[in-house]
Amino acid sequence: MRQLTSEWAIDASTLRTSFGNYLVFSCFHGVTYQSLCIQALGSDYTSLTGSISVISQPTASWETVSTPVNEGPAALYWGGKTYLAFSASYCWSASYCLGLLTWDGVTNPTSASAWTKSNGCVLSSANGNYGTGHNSFFQSPDALQTWIAYHATSNSGGACDDSRYTMIQLLGAHTDGSPNFGTPVDFSHAYSEPSS
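Residues numbered from 1 in each chain as written. Predicted model: local features only at pLDDT ≥ 70, side-chain atom pairs only at ≥ 80, totals over all residues. Heavy atoms only, no water.

Brief notes about the side chain of serine 47
Tracing the sequence through the fold places serine 47 in the loop between β3 (35-41) and β4 (48-56). With relative accessibility at 18%, the residue serine 47 sits in the buried group. Reaching out from serine 47, the side chain makes a polar contact with the side chain of aspartate 44 at a distance of 2.7 Å. Not counting residues within four places of it along the chain, the set of residues in contact with serine 47 comprises Arg2, Leu4, Ala40, Leu41 and Gly42. (Helix = DSSP H or I, 4+ residues; strand = E, 2+ residues; numbered from the N terminus. Buried < 20%, exposed > 50% of the residue type's maximum accessible area, 1.4 Å probe, protein only. Polar contact = N/O pair within 3.5 Å; in protein donor to acceptor, adjacent residues only side chain to side chain. Contact = heavy atoms within 4.5 Å.)

Put into structure tokens, the structure is as follows:
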């Protein structure tokens, strides 16, 4: 295992853009609250280069329930655009949810101004699933479907412990082509297998 940074950082994942490849993660780099940060990957893909930049801070009311938090960034490449889904608010709150950053496609992604934040949660507690967050994406074998995996808990107050379980569901599209995360389905809901 290789340590990439000496700063406090969690939830690292990768981001591919026309400007290069990046590590995106949650950190406190020069800011008060847990925020989303980005740093360029080296050509070996196992080291970092350049400085850390903060691209999103928890400032909106839906990001500051119990404790202001932005964490768990996960890239989504959808309809020719690049997005970062992330978790907002405190994970011990039922208000822990997913937000979405949209890259403008032309500005260096290390600049906060390159990203537009959703006006609220794009996936939040529903149907007995609370604290829906910390997600990843995967495609069906034929690449025609994109699925989201995320965690939730049946604890109506929210929880960040072993009561959490993994949910998956199919992403849809809004009329403007942006990803539609929908509403968490009931835990007993059974999907057909991803298309092949």
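Thoughts on the state of the cysteines
Each disulfide is one covalent bond, formed between the sulfur atoms of two cysteines. One pass over the structure, following the stated rule, counts three disulfides. With its sulfur 2.0 Å from that of its partner, cysteine 27 forms a disulfide with cysteine 37. Across the S-S bond linking cysteine 27 and cysteine 37, the dihedral sits near -75 degrees, which makes this disulfide left-handed. Linking cysteine 27 in strand β2 (residues 20-27) with cysteine 37 in strand β3, this pair joins segments that are ten residues apart in sequence. Both residues of the pair, cysteine 27 and cysteine 37, count as buried. Each bonded cysteine of the chain gets a number by its place in the sequence, and the pairs then read 1-2, 3-6, 4-5. (Disulfide = S-S within 2.5 Å.)

A closer look at the pairing of strand β7 (residues 97-103)
The element β7 is extensively covered by neighbouring structure, given that six of its seven residues are classed as buried. Summarising the sheet, strand β6 (residues 81-88) and β7 pair through six bridges and their orientation is antiparallel. Along β7, the bridge assignment pairs serine 87 with leucine 98. (Pairing = 2+ DSSP bridges.)

Examining the layout of surface pockets
The method is simple in principle: a probe with the dimensions of a water molecule rolls over the atoms, and the space it marks as empty is what remains. Volume-wise, the largest pocket comes out at about 250 Å³. Contributing to the lining of the largest pocket are 16 residues, with Tyr83, Leu100, Thr102, Asp176 and Ser178 lying nearest its centre. Of all elements in the fold, only β6, β7 and β8 (115-117) reach the threshold of two or more residues within the lining of the largest pocket. A class-by-class count of the residues in the lining of the largest pocket yields six nonpolar, seven polar and three charged. (1 Å grid on protein atoms, 1.4 Å probe; cavity = no way out; pocket = protein on both sides within 12 Å on 5 of 7 lines; lining within 4 Å. Points joined across faces, edges and corners; volume = space filled by probe spheres on them. Nonpolar A, V, L, I, M, F, W, Y, C, P; charged D, E, K, R; others polar.)

Details of the side chain of glutamine 39
Along the chain, the position of glutamine 39 falls in strand β3. Owing to a relative accessible area of 8%, glutamine 39 belongs among the buried residues under this scheme. Within polar-contact distance, the side chain of glutamine 39 engages the backbone oxygen of glycine 50 at 2.7 Å.

Some details on the pairing of β6
Where burial is concerned, most of β6 is hidden: seven out of the eight residues are buried. With seven bridges connecting them, strand β5 (residues 70-78) and β6 associate as antiparallel partners. Looking at β6, one finds that tryptophan 78 is bridged to lysine 81. Hairpin connection, β5 to β6: the antiparallel pair is bridged by two residues, and glycine 79 has positive phi, about 60 degrees.

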